[in-house]
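Reading the structure
The residues making up each chain are set out below.
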Amino acid sequence: MIDGIAFRRHRLIARTELRRGWRKMRERKTQLAVLGFVGLMMTFPVLLFVSILHGLGTDLRTGADVPGFISVEQLRSLVSLAWFGIAAFVAIRTVNYRGDPDAPAGLLTTVSAFDAVVGLLLAETIVLVGWLAIPMTVLVGGFATGAHAVAPVLALPVVGAIVLAWAVPLGFLVGIAVRHALLTVEPLARNKTAITILASVVYFGLLITDAFGAVLSAVFPFMAAMPPGWVADLLLLDVPTLAGAPLRVLASLAITIGVVPVLVLASARVAEAHWLADGVIEGDDESDADAETSAGASTSERLADLLPDGVGRPTRSVVRTVVLRARRAPVRLLYLAYPLFGAFPLAQDVYRTGAIPSYTPWLLAGFAVWAAGSAFTLNVLGDQGATMPAVLSAPGGGRHVVVGSAAAGTLLALVPGVGLVAIVGALGPLAPVETVALAAITAVGVVGATLLATGIGITFPRFGSVQVANNREATVPSKSAFAIYSLLVVPFVPVCWLLASASAPGSVADTLGVASGPAVRAVAAVVLVTWLALAAGSARYALDRVQHYTLD
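The structure reproduced in this document is the subject of the present report. (Residues numbered from 1 in each chain as written. Predicted model: local features only at pLDDT ≥ 70, side-chain atom pairs only at ≥ 80, totals over all residues. Heavy atoms only, no water.)

For the coordinates displayed, the defined rule picks out six salt bridges. The partner of Glu124 in a salt bridge is Arg93, and the shortest N-O contact between them spans 2.5 Å. Of this pair, Glu124 sits in helix α6 (residues 113-147) while Arg93 sits in helix α4 (residues 72-98), placing them 31 residues apart in sequence. Here Glu124 matches Arg93 in class, with each residue buried. (Salt bridge = Lys/Arg side-chain N within 4 Å of Asp/Glu carboxyl O. Helix = DSSP H or I, 4+ residues; strand = E, 2+ residues; numbered from the N terminus. Buried < 20%, exposed > 50% of the residue type's maximum accessible area, 1.4 Å probe, protein only.)

The grouping of Arg8, Arg11, Arg15, Arg19, Arg23 and Arg26 at the surface amounts to a positive patch. Within the fold, Arg11 resides in helix α1 (residues 4-27). (Patch = residues over 30% accessible without salt bridge, like charges linked within 9 Å, V, L, I, M, F, W, Y side chains within 5 Å. Areas by Shrake-Rupley, 256 points an atom, 1.4 Å probe, with all protein chains shown as cover. Lys, Arg positive; Asp, Glu negative; His and termini not counted. Charge placed at Lys NZ, Arg CZ, Asp CG, Glu CD.)

Next up on the list: the nonpolar core. Membership of the largest hydrophobic core comes to 57 residues, with the highest contact counts inside it found for Leu438 and Tyr485. For this core, the element with the most residues is helix α16 (residues 360-376), which contributes nine residues. Leave out the neighbours within four places in its chain, and Tyr485 touches Val369, Trp370, Gly373, Ser374, Leu378, Ala449, Leu452, Ala453 and Ile456. (Core = buried A, V, L, I, M, F, W, Y, C linked by side-chain atoms within 4.5 Å. Contact = heavy atoms within 4.5 Å.)

Aromatic ring pairs are reported here in terms of the distance separating the ring centres and the angle at which the planes meet. Across all of its chains, the model carries six aromatic pairs by this definition. Centroid distance Trp83 to Trp166: 6.1 Å. Interplanar angle 85°. Geometry classified as edge-to-face. In this pair, Trp83 sits in helix α4 while Trp166 sits in helix α7 (residues 151-184), placing the two residues 83 residues apart along the sequence. Trp83 sits in the buried class, given a relative accessible area of 9%. On the basis of an interplanar angle of 20° and a centroid distance of 6.3 Å, the ring pair of Trp370 and Phe482 is categorised as stacked. With a gap of 112 residues between them, Trp370 in helix α16 and Phe482 in helix α20 (residues 479-489) connect regions that are remote in the sequence. In terms of burial, Trp370 and Phe482 fall into one category: buried. (Phe/Tyr/Trp six-rings, centres within 6.5 Å; stacked < 30°, edge-to-face > 60°.)

So far we have only geometry, and geometry alone does not tell us how the molecule works.
As structure tokens, this is what we get:
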């Protein structure tokens, strides 16, 4: 039983968590802009569904024919599906970053784990209400207006409260249990990165192959039997044609009252065990760290051996350091995967048709070139961290860092980037000659991109860290460097197309009405040479700037 004093503690914890979350969000201007853009883009789909629901309500009121699948059972399944989706969303958030409260040392020494969990659950519920209240009210309001019914609008807060009462603690319990396993189960703790990558591949694989939709379609009819879905009948008490069952609503309320406290207590138990547990990795001796360092060192040594004999020891040392940093903290390179989310429609197209679209090799070449420069040379100074003063004060230290970072980016991107482009080109629509030409131009672009990024990164460095994933922070290139560099890499894609494709110059010549395809190809070659000259100038600027760089 929660008394008034305990409720005030829970409310204070929730309010503190919400304030901290809002403060963090306000500091991330880009994230706020993205959220605003997503909200704007969702306006049209919401209005479309409002129109559809309004028409459905009108048809039910006037006795017009309605689709056969419109029934009370379908609405129960839909509410149960919403419960399942919200629970999965909360579980993912808990695994990623909501599983640990802010300032846990101070919080857990003043309140019990149960109070902390209840406060966190209350904060999570308020966040979900803030996101869902307006669109759900608009959707249900459109249906109620068409049906001339008041029950859907009046019952919506009750239905939403019951769904959230089930979903939030259940999602938190699953999430905190998974988070605890990743901390305390040694095989899982040592392979978290691999598990995350595998889970992401499986998830997107299910979406691409439509297996996820097939599973939902198969289980959707059975979800009407879930108690959280029974409360849907409350929305239909005065809706014509569709009659709800009040007894089911009462049964759902009774089961909710009995089950939700158990979920909260179980969440508190697991959360307390997780917050007080020692990670299996943290308690080990230095042998594992030494083994990891040794493995990374051997990789970096092999990479450094690929450099020409004339490259000095300081530059080789920078190459080894860059590789070791990437191996120990791969999360700092997570931003390289962001453009891959745009490849989701492409992957679906390949799966449905069984063929690689004609534009794929050119886009892939552009991505390989962009990633080569973004990885290690777009923030050469910021990546040095606390060692930057020593690096800049050492004789030739700054120049060695620029050259070594560019060499590491080239060596790490050259083989996988060019190889992947060649494989996709060979399997796709390109002729052998076109594939070889595209691979060669991509190799040239990789080298040029690593040089191009050096001057931009030194002009617009970022020394502070930002949150990248799972509540983890890392130093990544600045937004200005990203924007300028990406704009300068964009022309590489059409240049590749015009230089490597046999038919592209002629097509462009016909479209523009110029003399011939060779002239278009010559212009593309001039653009490529100009781009490479710009890259060389950027590297030259970086080498000069780093010698005279001063710390504020």
